[in-house]
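Per-entry structural report
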Amino acid sequence: MAFVQPVILRDRGIRLEPLTLDHEAGLRTAAADGQLWTIRVTGVPEPEQTRAYIETALQMREQGSRFAFAVIDEAGERVLGSTSFHDIMPAVQRVEIGYTWYAQSVQRSHVNTTCKLLMMSHAFDTLGCAVVGWRTDNYNFASQRAIERLGAKKDGVIRHHQLRRDGTVRDTVIYSMTAGEWPEAKAQLLYLLERHNGV
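What counts, and at which threshold
Residues numbered from 1 in each chain as written. Predicted model: local features only at pLDDT ≥ 70, side-chain atom pairs only at ≥ 80, totals over all residues. Heavy atoms only, no water. Helix = DSSP H or I, 4+ residues; strand = E, 2+ residues; numbered from the N terminus. Rg over C-alpha atoms; globule rule 2.2 N^0.38 Å. Buried < 20%, exposed > 50% of the residue type's maximum accessible area, 1.4 Å probe, protein only. Contact = heavy atoms within 4.5 Å. Areas by Shrake-Rupley, 256 points an atom, 1.4 Å probe, with all protein chains shown as cover. Lys, Arg positive; Asp, Glu negative; His and termini not counted. Charge placed at Lys NZ, Arg CZ, Asp CG, Glu CD. Axes fitted to C-alpha atoms, helices over the stretch in contact; angles between N-to-C directions. Parallel < 35°, antiparallel > 145°, perpendicular 65-115°, else oblique. Left-handed = near helix turned anticlockwise from the far one by under 90°. Nonpolar A, V, L, I, M, F, W, Y, C, P; charged D, E, K, R; others polar. Polar contact = N/O pair within 3.5 Å; in protein donor to acceptor, adjacent residues only side chain to side chain. Salt bridge = Lys/Arg side-chain N within 4 Å of Asp/Glu carboxyl O. Expected span 1.5 Å × (residues − 1). pLDDT = per-residue confidence, 0-100. Phe/Tyr/Trp six-rings, centres within 6.5 Å; stacked < 30°, edge-to-face > 60°. Lys NZ or Arg CZ within 6 Å of the ring centre and 35° of its normal. Core = buried A, V, L, I, M, F, W, Y, C linked by side-chain atoms within 4.5 Å.

Topic: the overall build of the protein
When you go through the protein residue by residue, the secondary structure sums to 5 helices and 8 strands. Start at the N end of the protein and walk to the C end: the helices and strands fall as β-β-α-α-β-β-β-α-β-α-β-β-α. Since a compact globule built from 199 residues should have a radius of gyration of about 16 Å, the 16 Å found for the protein is in line with a globular shape. Structurally, the protein occupies a C-alpha span of about 45 × 40 × 35 Å along its principal axes. When the 199 residues of the protein are sorted by exposure, 46% land in the buried category. Counted over contacts in the protein with a minimum sequence separation of 6, partners at least 24 positions apart contribute 61%. In the form shown here, the protein has an accessible surface area of approximately 9900 Å², with 51% of it arising from carbon and sulfur atoms. Each charge class in the protein was averaged separately, 23 positive and 23 negative side chains, and the resulting centres sit 5 Å apart.

The following block contains the structure:
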């Protein structure tokens, strides 16, 4: 049995549901909101690559290494983007959260905080993870700030680690949070969501 089982997570009008080929059109539209595939430091699929992007995610789910979700706005059933558990390591009770992107119009809103709260709650409180990790491009400063706002600690940098879409090689910044750090981080995230009316 896979460590991460199919599940639907929801809160504050946001629903995370297992990514399927049925989400292809919605993902295309979300990526077109800001032409996200043109951003050098992200892995958002180009429109004609959306189906292959989903198929790759489904293959990784079969292999047990990644579980991808579609991010849905429940008010209009609009696909806002995608996020995943990945580098799933049941033997050491570790998952990472990544492959995350959202339509430009919902960036810097409550969406990312809500999604991360749902996924971290599932990882720590349901799956019993000992640690949750994140990784990002050394030049993706917005992503680094977002991860740090979650309460994650910077573990370090893996130099010359991974190809970017433009063929250059990135350094990868690694973050993590332990189960012991989770209660305080959860309280802070809930406080921020309430204080800023979901922002």
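Brief notes about the packing of helix H3 (residues 110-126) against helix H5 (residues 182-195)
Relative orientation of the contacting elements H3 and H5 amounts to 155°, with a least axis distance of 11 Å. Considering their axes alone, H3 and H5 lie roughly antiparallel with respect to each other. For H3 against H5, the interelement crossing comes out left-handed. Together, His-110, Thr-113, Thr-114, Leu-117, Met-120, Ser-121, Phe-124 and Asp-125 of H3 and Trp-182, Lys-186, Leu-189, Leu-190 and Leu-193 of H5 make up the contact between the two elements. Residues belonging to the contact of H3 with H5 are distributed by class as follows: 7 nonpolar, 4 polar and 2 charged.

Focus on the side chain of Asn-140
Looking at the secondary structure, you find Asn-140 in the loop between strand S6 (131-137) and helix H4 (141-149). In terms of polar contacts, Asn-140 uses its side chain to reach the backbone amide nitrogen of Ser-143, at 3.1 Å.

Describing the pattern of salt bridges
Inspection of every chain in the model, using the stated rule, returns 15 salt bridges. For the salt bridge of Glu-77 with Arg-15, the shortest nitrogen-to-oxygen distance reads 2.7 Å. Placement of the pair is Glu-77 in the loop between strand S3 (66-73) and strand S4 (78-89) and Arg-15 in strand S2 (residues 14-18), with a sequence separation of 62 residues. On the basis of relative accessible area, Glu-77 is assigned to the partly exposed category, the value being 48%.

Comments concerning H3
Each α-helix winds once per 3.6 residues, and so residues spaced three or four apart point in a common direction. With 17 residues, H3 ought to run about 24 Å at 1.5 Å a step, and its terminal C-alpha atoms sit 23 Å apart, in line with that. The buried fraction of H3 amounts to 14 of the 17 residues, a majority that puts the element mostly inside the structure. For H3, the N-terminal capping position is held by Ser-109, with its side-chain oxygen 3.2 Å away from the main-chain nitrogen of Val-111. Where H3 ends, the next residue or the one after it, Gly-128, has phi of about 75°, a positive value.

Thoughts on the confidence of the model for the protein
Detailed reading of the predicted coordinates is not advisable wherever pLDDT falls low. In this model, the protein carries an average pLDDT of 92, and 96% of its residues clear a pLDDT of 70 or more. Across the protein, the element-wise mean pLDDT spans from 91 in H4 up to 98 in S2.

Section: the packing of aromatic side chains
Taken as a whole and judged by the stated rule, the model has 5 aromatic pairs. Ring plane angle 50° and centroid distance 5.1 Å describe the contact between Phe-67 and Phe-69, whose orientation is recorded as tilted. A ring pair is formed by Tyr-139 and Phe-141, whose centres lie 6.1 Å apart and whose planes are at 90°; its orientation type is edge-to-face. According to the relative accessible area criterion, Phe-141 is partly exposed, its value standing at 45%. The residue whose ring lies beneath Arg-66 is Tyr-99, and the NZ or CZ to ring-centre distance is 3.7 Å.

A closer look at the nonpolar core
In this structure, Leu-16, Val-71, Phe-85, Trp-101, Val-111, Met-120 and Trp-134 are the most contacted members of the largest nonpolar core, which totals 52 residues. Among the elements that take part in this core, H3 stands out by supplying 8 residues, more than any other.

Describing the environment of Ala-142
Structurally, the position occupied by Ala-142 is in helix H4. Considered as a pair, Ala-142 and Cys-129 are 13 residues apart in the sequence and their alpha carbons are 26 Å apart.

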